[in-house]
Amino acid sequence: MARFVLKTNINGEEREFLADERDSLLDALRERAGLMGAKEGCNNGNCGACAVVLDGRLVNSCCVMAAEVDNSEITTIEGLAEPDSLHPLQETFLENAALQCGICTPGFLMSAKALLDSNPNPTEHEIRWWLAGNLCRCTGYDKIIRAVQDAAERINS
Amino acid sequence: MQTVTYQRASTVNEAIALLSDGGENARVLAGGTDIIVQARERARTVDSFVDIKHIPELMTFNYNTSDGLSVGAATPVYLLYNDNDIQTHYPALVEAITVIGGTAIQGRASLGGNLCNSSPAGDSLTSMMALGAIANIAGPNGERDVAVSEFFTGPGRNILDLGEFVVAISFATPPANSGAAWQRFIPRNEMDIAVVNCGSYVQLDGEIVTDARIALGAVAATPIMVPAAAEALIGRQITDETISAAAEASYEAATPIADMRGSVKQRKHLSKVLTQRTLDIAVERARG
Ligand SMILES: Cc1cc2nc3c(=O)[nH]c(=O)nc-3n(C[C@H](O)[C@H](O)[C@H](O)COP(=O)(O)OP(=O)(O)OC[C@H]3O[C@@H](n4cnc5c(N)ncnc54)[C@H](O)[C@@H]3O)c2cc1C
Ligand code: FES
Ligand code: FES
């Protein structure tokens, strides 16, 4: 089987599409499922731009084979906002100017969401440690950290 | 990516059959954080991935006071470091696995993968060696147990034969009055490969050392045990002097190469410093 039918639930929707056995999950999302939100920064696990949530766990989709995720549940950046409102993290990233070129942003948002889901009140140290696998060449990180702190406050209030 | 097939094993025997039939270029796929990148960058020839994550016993772990800890080889490390028993009884393991990559890597990376990737710098390896961990291996000729300290044969190479794979890694229950610790040196705080890493274990009877194990990583072609460091401690009083003598033995045992991460001189020095620091903590833990 070079091509195979991949069945997954992506952002709450049952999806079925053809993928190649050589595809990473990132390839399958972008090239087969048409979801361009997850970005390819390094394609080797170091930058976090491709981060998605796979069966409840944050993973780098470039380090997962598409064939592995048959019958899994995936949340991508496209599933973060509500139909008519942004996720608090998206709001605070905008308010804090926590992005410039934006390549790293989907990965930071998915990673930060996974953090706040498991630890609603993280310290600055915990935020920096959790986001260590996400690289940003533009912002210098401080604005990203502030955006995550603001989002935590907004969600908890 | 090179052309690869993907196969899922749901039992240990099925995995052995797929690996035996697949030959040398059939590779176990655990968390994939090493092998997928290596296959993509053609650092390794891979014709087929044998996914072992659907074998139930590969994805769980068990601790009890009589048998100790047994970790299914493909269990992602974040499940291990979040576990109360592992935090309480194996802090040296937690110290190593919390620094393997970042959050998204730890959601997938496994002890079996770190072991079988067999990098001289693999962070959990010196921790497992200090703890006296055993690899439980299954293959076409049955099962065998090999100490992690005897597992490596060179950079990226190990004792596994065709068709064999690691099913679990076992750790004895830490004896009374024992303690272990692990540290690495890297230029940043996270997300980097160790310049040197070190795991130490001691068991005390009062102030006398009755057992000790010191392991060093990234200072030779494989992670190494330092028997001379253990000998400098066993049967002696635990003092700053005996710890210094053990650290000196690590300095002598380290035969590193120089590369972009560190010089020979720096790595030898770090071997000494990390031995001393991990021993200090291990002793503190042994005293309780
Ligand atoms: C960004 C990034 C940062 C990293 N940082 C670190 C770090 O700080 N420290 C560190 O030590 N490592 C690090 N790594 C390397 C890697 O994450 C670890 O080695 C990890 O433990 C590998 O586990 P895995 O389950 O993903 O292995 P896989 O990639 O699935 O497998 C690794 C190798 O072992 C074989 N294998 C896996 N399981 C078995 C088994 N049970 N039996 C037989 N063979 C098996 C595979 O065939 C393959 O050759 C990093 C990797 C990335 C991408
Ligand atoms: S593209 Fe996946 S981690 Fe960089
Ligand atoms: S905004 Fe450009 S890399 Fe982060």
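Predicted, not measured: the structure shown is a model, and the values here were computed from it.

**Student:** Can you explain the overall build of chain B? Please cite residues and give values.
**Tutor:** Across its full length, chain B carries 11 helices and 14 strands. For 288 residues, the compact-globule estimate of 2.2 N^0.38 gives 19 Å, and chain B sits close to it at 19 Å. Each principal axis of the C-alpha atoms in chain B carries an extent, and together these give about 55 × 45 × 35 Å. When each of the 288 residues of chain B is scored for burial, the buried share is 53%. For chain B, long-range pairs separated by at least 24 residues make up 65% of all intrachain contacts whose partners lie at least 6 apart in sequence.

**Student:** Please provide a residue-by-residue account of the overall build of chain A, values included.
**Tutor:** Counting secondary structure elements, chain A contains 5 helices and 5 strands. From first element to last, N terminus to C terminus, chain A shows the α and β order β-β-α-β-β-β-α-α-α-α. Overall, chain A is about 50 × 30 × 25 Å in size when its C-alpha atoms are taken along their principal axes. Among the 157 residues that make up chain A, the fraction classed as buried is 46%. Pairs at least 24 apart in sequence give 58% of the contacts found in chain A among residues at least 6 apart.

**Student:** Give me the interface of chain B and chain A: which residues, what numbers.
**Tutor:** Listed per partner, the contact involves 21 residues of chain B and 22 residues of chain A. Class assignment of the residues belonging to the side of chain B that touches chain A gives a composition of 9 nonpolar, 8 polar and 4 charged.

**Student:** Any details on the nonpolar core? Residues and values, ideally.
**Tutor:** Val 50, Ile 52, Leu 131, Ile 169, Val 196 and Val 202 of chain B are the most contacted members of the largest nonpolar core, which totals 150 residues. For this core, the element with the highest residue contribution is helix H3 (residues 105–118) of chain A, accounting for 7 residues. Contacts of Val 202 of chain B, omitting those with residues within four sequence positions, involve Ser 178, Gly 179, Val 209, Ala 212, Leu 233, Leu 279, Ala 282, Val 283 and Ala 286 of chain B.

**Student:** Break down the site of ligand 1 for me, citing the residues and quoting the values.
**Tutor:** Lining the immediate environment of ligand 1, one finds 33 residues, of which Gly 45 of chain A together with Gly 31, Gly 112, Gly 113 and Asn 114 of chain B sit closest. Looking at the residues close to ligand 1, they fall on chains A and B. Among the elements of the structure, strand S2 (26–29), helix H2 (35–40), helix H7 (111–117) and strand S10 (165–171) of chain B are those that each provide at least two residues to the shell around ligand 1. Sort the elements by how many residues they give to the shell around ligand 1 and H7 of chain B lands first, with 5 residues. By residue class, the composition of the shell around ligand 1 is 17 nonpolar, 12 polar and 4 charged. The residue makeup of the shell around ligand 1 includes at least three contributed by each of domain 1 (5–51) and domain 2 (56–171) of chain B.

**Student:** Can you explain the domain arrangement of chain A? Please cite residues and give values.
**Tutor:** The extent of an interface is frequently quoted as the accessible surface area lost upon association of the parts. All names here are of chain A. Domain boundaries assigned for chain A yield domain 1 (3–79) and domain 2 (88–156). With centres defined by C-alpha atoms, the gap from domain 1 to domain 2 works out at 22 Å. Of the residues lining the interface, 14 residues belong to domain 1; the matching set on domain 2 comes to 11 residues. At 3 residues, the largest contribution of residues to the side of domain 1 that touches domain 2 is made by strand S3 (residues 51–54).

**Student:** Before we move on, could you go through the domain arrangement of chain B and cite the residues and values that matter?
**Tutor:** Residues and elements named next belong to chain B. Taken domain by domain, chain B consists of domain 1 (5–51), domain 2 (56–171) and domain 3 (178–287). The distance between the C-alpha centroids of domain 2 and domain 3 comes to 20 Å. Each partner contributes residues to the interface: domain 2 has 22 residues there, and domain 3 has 26 residues. At the level of elements, helix H5 (91–97), helix H8 (123–130) and strand S8 (152–154) are the ones that each hand at least two residues to the side of domain 2 that touches domain 3. When its residues are assigned to classes, the side of domain 2 that touches domain 3 shows 12 nonpolar, 8 polar and 2 charged.

**Student:** Explain the sheet that holds strand S6 (residues 134–139) of chain B to me, and be specific about the residues and the numbers.
**Tutor:** Residue and element names in this part refer to chain B. Ordered by their spatial adjacency, 5 strands build an open sheet running S4-S5-S10-S6-S7, and the pairing between neighbours is antiparallel. With partners counted over all chains shown, the strands left at the sheet margins are strand S4 (61–64) and strand S7 (142–147), one partner each. Direction aside, neighbouring strands of the sheet carry axes that sit 20° apart on average. With 4 bridges connecting them, strand S5 (residues 68–72) and S10 associate as antiparallel partners. In the strand pairing of S10, Val 71 is matched with Ile 169.

**Student:** Quick one: what's the story with the environment of Thr 75 of chain A, residue by residue and with numbers?
**Tutor:** All names here are of chain A. Turning to its location among the elements, Thr 75 is positioned in strand S5 (residues 73–75). Remark: the alpha-carbon pair of Thr 75 and Trp 130, spanning 55 residues in sequence, is separated by 19 Å. Every residue in contact with Thr 75, bar those within four places of it in the chain, is listed here: Asn 11, Val 52 and Val 53.

Thresholds applied
- Residues numbered from 1 in each chain as written.
- Chains lettered and ligands numbered in written order.
- Predicted model: local features only at pLDDT ≥ 70, side-chain atom pairs only at ≥ 80, totals over all residues.
- Helix = DSSP H or I, 4+ residues; strand = E, 2+ residues; numbered from the N terminus.
- Rg over C-alpha atoms; globule rule 2.2 N^0.38 Å.
- Buried ≥ 20, exposed ≤ 12 C-beta atoms within 10 Å, placed from the backbone.
- Contact = placed C-beta atoms within 7 Å.
- Nonpolar A, V, L, I, M, F, W, Y, C, P; charged D, E, K, R; others polar.
- Core = buried A, V, L, I, M, F, W, Y, C linked by C-beta atoms within 7 Å.
- Near = placed C-beta within 6 Å.
- Domains from an automatic or database assignment.
- Pairing = 2+ DSSP bridges.
- Axes fitted to C-alpha atoms, helices over the stretch in contact; angles between N-to-C directions.

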